[in-house]
Amino acid sequence: MELNSITYEDLEYPLYMIWQLTNRCNLECIHCLWASHEPYPDELSVDEVLKFGKELVDHQVLYVTLSGGEPLLHPAFWKLVELLRSHDVELKIETNGQLISKSVAKRLAELDFKAVQVSFDGASKETYEKMRVRGSYEKVIEAIKNLVEYGVNVEVVFVPTKFNIEETGKLIDLLASLGVRTLYTARPIYMGRAALNWSIVNPTEEQIAKYIEILEKKEKEYQGKMRIIYSKLSPAEELAYTLQHPTPAPIVTANGYIRLANSLPFVIGNVRKDDLKTLWERYKKAWRHPQVIDFINSAIKDYRLLAKSIEFIPLSIE
Amino acid sequence: MGVVYLELKRRIKLKDEKFGVVVFDTETEKVFVTNQVGKEIINKIKEGKSIDQIIEELSNEYEGEKEQIRNDVYEFIDQLKKMDLLKE
């Protein structure tokens, strides 16, 4: 008996999916890729969400990340997570944390989420609330405390910008003191509101160099206590890597499209009319589609093309 | 040496596919494939059985020298360790 590596192309169905349940959000963050706040006019209904959730269960999709917008605002959220957890699907939620009261934290803990990932972009009230418009610094800290109190695995995502990047080290210290076990951090992407606010969102190369230095130092300092996950690649290098190593996680948009990746505008069908098997087969082929390769190669030369990735461009696949 | 028990990392999932059994570590998002015997060993580890118990049960279940089965089981466990699928 052996244990061998395989590629996602060998699989009959996806193992892992990311599901943007809604574009509705209680915040209007200045760097939001999806410019989330208002829901899309054609979002999946409660019945449609539950129907697709059942399809994931039937085909043994093993792990789902629920994101948004703010996923807790979708009226089907709790029914969906109860359905998925009752079939032992591992769940992670990406949230801004503003709605995580003690009772919500308790409910998430009872459902045994694999992780709750909270967006947290600053070690001070001033920078956090400048970035997360309508957000409350006190509430996000409270959310993390509530989750930790109930034993939920808390992860944080931090996006460095021109005005919060200097707080990287201080933020990591704060997160460690709150009991956060994992920090993901990556540079902003030229999409949605980040593109509109690029002059204040995009850090300088000097700032990035210093930020990487701090991450390396903190990684050693918190070894065994908190994982710090980041990439040294530039956005262009990230895209080149994506082309060579496509992600095996299709993204379901709030209106049911299947997107290849966050930073690509292409969709390969819709859960309203295509079954999971068809969508997965198209997804596998899509990564070799000339339009996808051309887009990535062009965006490597000019990152501003990524602003297009907020669109839903149908990709024709035989 | 006393009785040795192993513990699989908590968020590891198994799934039958046509070509074998997929082992998916949802923490690292790494995917491996094994066969039905590998799956059986993983499930026995999950059930809290010791290495000796696993070898004993597989020897009763499958034909072959017990010593060979013992070597195969230890080799498989080594691979689980290398792939970082077991708790320290």
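Refer to the structure printed above.
Attention in this report is confined to the structure presented alongside it. These numbers come from a predicted model, not from an experiment.

Helices and strands together make up the secondary structure of chain B, namely 3 helices and 3 strands. Element order for chain B, N to C, with α for helix and β for strand: β-β-β-α-α-α. Of all 88 residues assigned to chain B, the portion counted as buried reaches 47%. Considering only contacts within chain B whose residues lie at least 6 apart along the sequence, 40% involve residues at least 24 apart. With the model as given, the accessible surface of chain B reaches about 5,000 Å², and the carbon-plus-sulfur share is 47%. Put simply, chain B has 16 plus and 20 minus side-chain charges, and the middle of one group is 7 Å from the middle of the other.

A word on the state of the cysteines. Residue and element names in this part refer to chain A. In this structure the tally under the stated criterion is 0 disulfides over all chains. Note on Cys25: no disulfide assigned, nearest cysteine sulfur contributed by Cys29 at a separation of 5.9 Å. Here Cys25 falls in the buried class, since its relative accessible area comes to 11%.

A separate point is the layout of surface pockets. Taken as a whole, the second largest pocket encloses approximately 550 Å³ of empty space. Together, 20 residues line the second largest pocket, and Asn153 and Arg181 of chain A together with Arg10, Arg11 and Glu27 of chain B are the ones closest to its centre. A class-by-class count of the residues in the lining of the second largest pocket yields 5 nonpolar, 4 polar and 11 charged.

One pass over the full model with this rule turns up 39 salt bridges over all chains. Arg187 of chain A serves as the salt-bridge partner of Glu205 of chain A, at 3.9 Å between the closest nitrogen and oxygen. Taken together, the positions of Glu205 of chain A in helix 9 (residues 205–221) and Arg187 of chain A in the loop between strand 7 (182–185) and helix 7 (192–196) put the pair 18 residues apart, joining distant regions of the chain. On the accessibility criterion, Glu205 of chain A (53% relative accessible area) is exposed. Taking relative accessible area as the criterion, Arg187 of chain A reaches 17% and is therefore assigned buried. Through salt bridges with shared partners, a single ionic network connects Arg85, Asp88, Glu90 and Asp112 of chain A together with Arg10, Arg11 and Lys13 of chain B.

Time to look at helix 1 (residues 46–58) of chain A. Residue and element names in this part refer to chain A. Given a rise of 1.5 Å per residue, 13 residues ought to cover 18 Å, and the 18 Å separating the end C-alpha atoms of helix 1 matches this to within 8%. Within helix 1, burial applies to Val49, Phe52, Gly53, Glu55, Leu56 and Val57. Looking at the packing, one finds that the buried side of helix 1 touches strand 2 (16–20), strand 3 (63–67), helix 2 (77–86), strand 9 (251–252) and helix 11 (276–286). Residue Gln60 follows helix 1 closely and has a positive phi angle near 55°.

With that out of the way, let us pick up the sheet that holds strand 2 of chain A. Note: strands within a sheet are paired through backbone hydrogen bonds, in either parallel or antiparallel orientation. Residues and elements named next belong to chain A. The mixed open sheet is built from 11 strands, whose spatial order is 8-7-6-5-4-3-2-9-10-11-12. Where the open sheet ends on each side, the last strands, each with one partner, are strand 8 (227–230) and strand 12 (313–314). Against the sheet, helix 1 makes contact with strand 2, strand 3 and strand 9, and its axis sits at roughly 170° relative to strand 2, the strand it touches most. Packed on one face of the sheet, helix 11 meets strand 2, strand 10 (257–259) and strand 11 (266–270) and runs near 160° to strand 11.

Basis of the calculations
- Residues numbered from 1 in each chain as written.
- Chains lettered and ligands numbered in written order.
- Predicted model: local features only at pLDDT ≥ 70, side-chain atom pairs only at ≥ 80, totals over all residues.
- Heavy atoms only, no water.
- Helix = DSSP H or I, 4+ residues; strand = E, 2+ residues; numbered from the N terminus.
- Buried < 20%, exposed > 50% of the residue type's maximum accessible area, 1.4 Å probe, protein only.
- Contact = heavy atoms within 4.5 Å.
- Areas by Shrake-Rupley, 256 points an atom, 1.4 Å probe, with all protein chains shown as cover.
- Lys, Arg positive; Asp, Glu negative; His and termini not counted.
- Charge placed at Lys NZ, Arg CZ, Asp CG, Glu CD.
- Disulfide = S-S within 2.5 Å.
- 1 Å grid on protein atoms, 1.4 Å probe; cavity = no way out; pocket = protein on both sides within 12 Å on 5 of 7 lines; lining within 4 Å.
- Points joined across faces, edges and corners; volume = space filled by probe spheres on them.
- Nonpolar A, V, L, I, M, F, W, Y, C, P; charged D, E, K, R; others polar.
- Salt bridge = Lys/Arg side-chain N within 4 Å of Asp/Glu carboxyl O.
- Expected span 1.5 Å × (residues − 1).
- Pairing = 2+ DSSP bridges.
- Axes fitted to C-alpha atoms, helices over the stretch in contact; angles between N-to-C directions.

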